[in-house]
Amino acid sequence: MSDSSWTRTSPTTGRSPATAPGLLHSLSPLLLEWLPQQRWFAGKGRPITGFDLVSVTELLPMGGRLGTPGLLHLLLDVEQAGRRADCYQLLLGTRTLLPPALAPAAVGQATGGPLDGLTIYEGLYDPRLTAVLLERLRAPGRTGRLRFLTEPSATVPAGLAPRLSTAEQSNTSVIYGDEYILKVFRRVSPGANPDLELSLALARDGSRRVAAPAAWFEALELPEPAGTPDGIGAEPATLGVLQRYLPGSADGWELALRAMDDGTEFTADARALGAATAEVHAALARALPTGSLDRRRIQLIAATMAQRLDTAAAEVPELRPYRTRLRAAFHDLSELGGTGARVAAQRIHGDLHLGQALRTADHDWLLIDFEGEPSRPLSERRLPAPPVQDVAGMLRSFDYAARHRDPAAPTAGAWAERHRDAFCAGYAATSGTDPRDQPVLIRAYETDKAVYEVLYEARHRPAWLPIPMSAIDRLASNPPPRRITP
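Residues numbered from 1 in each chain as written. Predicted model: local features only at pLDDT ≥ 70, side-chain atom pairs only at ≥ 80, totals over all residues. Heavy atoms only, no water.

Moving on to the overall build of the protein chain. Secondary structure summary: the protein chain contains 12 helices and 19 strands in total. For the protein chain, the C-alpha atoms occupy an extent of roughly 75 × 45 × 45 Å along the three principal directions. Across the 486 residues of the protein chain, 52% fall into the buried class. Here the protein chain displays about 20,900 Å² of accessible surface, and carbon together with sulfur accounts for 52% of that area. Between the centroid of the 53 positive side chains of the protein chain and the centroid of its 55 negative side chains there is a distance of 2 Å. (Helix = DSSP H or I, 4+ residues; strand = E, 2+ residues; numbered from the N terminus. Buried < 20%, exposed > 50% of the residue type's maximum accessible area, 1.4 Å probe, protein only. Areas by Shrake-Rupley, 256 points an atom, 1.4 Å probe, with all protein chains shown as cover. Lys, Arg positive; Asp, Glu negative; His and termini not counted. Charge placed at Lys NZ, Arg CZ, Asp CG, Glu CD.)

Right, here's the structure in full:
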């Protein structure tokens, strides 16, 4: 094989009709077993019913010598019963023999097709292959359906030693030296990923609250999504972003838990984090279009929140006694829309919590991971939203930190409230707008987040269910505000 790319059959592509199906035939039996075991695979618990090869690009050809690796880049639609097909990005290494150090990365040995007899493995475990990926990012241009781009102001040195990060779940990251980190998105969709889009906008605006992107890569000429008008191709899909790495930093979750364990105050940090969040919101409002939510949009958001509550209550019995009282928060939000009030909206982080904030060695706060809630469609994550949505996410995170060790701890509620108030005070001092003055919005978004947490914990970490349930009890017990104000 040479440097090339095949894609799903369409009028605009020139794929060899034999090669790609032969490749998929080699890989399918291996991927059926391997994919559900990966932390980033979103379809756990449902059987895989088929694969559709969207594209494959050979980034490093198999040289034929013993021990020489190859690197295949795949975009693969994974079909599952009862679920819309998801497109996953795979970077697969190929070797005749796998070194013992790479044994944990093994996918299996291919049988038949163009990879017959080769050992297939997760390429991001292999420093030789991740070094190739860095060099490709340093050289803008196109390889098959892949396009590599660099930020003009960035200079990425050659020869940085790669190591795989073990910190993420929905994506995979590789750290290069102590200077850069490459996030590889696993589940991809046509369109700019907000993690690149927002980080780039903030960096270009001069914000010091973001790890500036230096390079990225994307997929071009993807098949048109269902419903796309003739002649309109899909947007390029963001595949990975190389950003500044921050050695010596610690995330807010780790710091908050340490403060809880040591019995020390974290309120000054919480206040500073609130100020940093307000700065990021202001920079996003300068750099990207803003707008407002009209009556129809507000009422649609409220109805969607209520539907999520009903879905969660149907699955989690513990939630059912609270359903009527919780719906009051969404009713008030819908009523707010009915008053004719328009709610300011802009691009926001979208999934803000303590783990998405880094405190650097010089005690500065930065926000990371701007891709939004990964379970939601990309088009939804790119919509403008009220900034209070991010605030509500952080308030829930302080509550989680307070109750993480012992959900029933008598001091947990007071600790959470002190730090929630400190965060809001820091936000207000910087933005001039106190989120606590928007009771309808903040209660609705915090309730929606707590409902999401209940469903998540019931499915994945039942032992943690008491944490969001304590918030459900508090939110259901609080009476609605007397005045419906935005």
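Strand order across the open sheet formed by 3 strands is β15-β18-β19, with antiparallel pairing between neighbours. Since the sheet does not close on itself, it has two edges, and those belong to β15 (250-251) and β19 (365-367), each with one partner. Here 2 bridges tie β15 to strand β18 (residues 357-359), and the two strands are oriented antiparallel to one another. Residue A250 lies in a different strand from β18, and its bridge partner there is R359. The sheet strands contacting helix α5 (residues 267-287) are β18 and β19, and the helix crosses β19 at an angle near 45°. (Pairing = 2+ DSSP bridges. Contact = heavy atoms within 4.5 Å. Axes fitted to C-alpha atoms, helices over the stretch in contact; angles between N-to-C directions.)

What follows concerns the nonpolar core. Ranked by size, the top nonpolar core spans 75 residues in total, and within it L319, L326, L333 and I472 carry the most contacts. Aside from chain neighbours lying at most four places away, what touches L326 is L309, L319, T447, V451, I472, L475 and A476. Membership of the second largest hydrophobic core comes to 37 residues, among which are L59, Y121, Y180 and L200. (Core = buried A, V, L, I, M, F, W, Y, C linked by side-chain atoms within 4.5 Å.)

Within the element layout of this structure, S431 appears in helix α10 (residues 412-431). C-alpha separation for the pair S431 and A282, spaced 149 residues apart in sequence, amounts to 7.6 Å. At 3.0 Å, the side chain of S431 forms a polar contact with the backbone oxygen of T433. (Polar contact = N/O pair within 3.5 Å; in protein donor to acceptor, adjacent residues only side chain to side chain.)

What follows covers the packing of helix α11 (residues 439-460) against helix α12 (residues 466-477). Interhelical geometry of α11 versus α12 gives an angle of 145° and a closest axis separation of 9 Å. Like other packed secondary-structure pairs, α11 and α12 cross with a definite hand, here left-handed. Residues R443, E446, T447, A450, V451, E453, V454 and E457 of α11 lie in contact with α12, whose contacting residues are P468, M469, A471, I472, R474 and L475. (Left-handed = near helix turned anticlockwise from the far one by under 90°.)

A word on the environment of L395. Looking at the secondary structure, you find L395 in helix α9 (residues 388-403). The exposure class of L395 is buried, given its relative accessible area of 4%. Placed 20 residues apart in sequence, L395 and W415 show a C-alpha to C-alpha distance of 12 Å. Once residues lying within four places of it in the same chain are set aside, the contact partners of L395 are R420, F423, C424, I442 and E446.

It is worth spelling out unusual backbone geometry at this point. Located in the positive-phi region is H363, a residue other than glycine, with phi close to 65°. Mapped onto the secondary structure, H363 falls in the loop between β18 and β19. If you check the backbone angles, D369 has positive phi at about 55° while not being a glycine. The residue D369 is located in the loop between β19 and α8 (378-381) in this model.

Turning our eyes to something else, we now look at the confidence of the model for the protein chain. Taken as a whole, the protein chain shows an average pLDDT of 89; of its residues, 91% reach a score of 70 or greater. Taken together, the stretch residues 227-233 has pLDDT below 50 and engages in 4 contacts with residues farther than four places along the chain or on a different chain. Note on residues 481-486: pLDDT under 50 across the span, and 16 contacts to partners over four residues away in sequence or across chains. (pLDDT = per-residue confidence, 0-100.)

In this section: the sheet that holds strand β13 (residues 213-219). Spatially, 7 strands are ordered β7-β8-β13-β14-β11-β10-β9 in an open sheet, and the strand pairing comes out antiparallel. Each of the sheet's edge strands pairs with one partner strand only, and the pair in question is β7 (141-143) and β9 (162-164). Direction aside, neighbouring strands of the sheet carry axes that sit 20° apart on average. Sheet analysis places strand β10 (residues 171-176) next to strand β11 (residues 180-185), joined by 6 bridges and oriented antiparallel. Bridge assignment links V174 to a residue of β11, and that residue is L182.

So, on to α5. Three or four residues apart is the spacing at which side chains of an α-helix point the same way, because the helix has 3.6 residues per turn. End to end, α5 covers 30 Å across 21 residues, agreeing with the expected 30 Å (1.5 Å per residue, within 8%). Listed as buried for α5 are D269, A270, L273, G274, A275, A276, T277, A278, V280, H281, A283 and L284. Summarising the contacts, the buried residues of α5 are in contact with α3 (194-204), β18, β19, α9 and α10. (Expected span 1.5 Å × (residues − 1).)

So, about the side chain of Q243. By the secondary structure assignment, Q243 is in strand β14 (residues 237-244). One polar contact links the side chain of Q243 to the main-chain carbonyl oxygen of A211, over a distance of 2.9 Å. In this structure Q243 touches E179, Y180, I181, D195, S199, A211, A212, P213 and A214, once residues within four positions along its chain are discounted.

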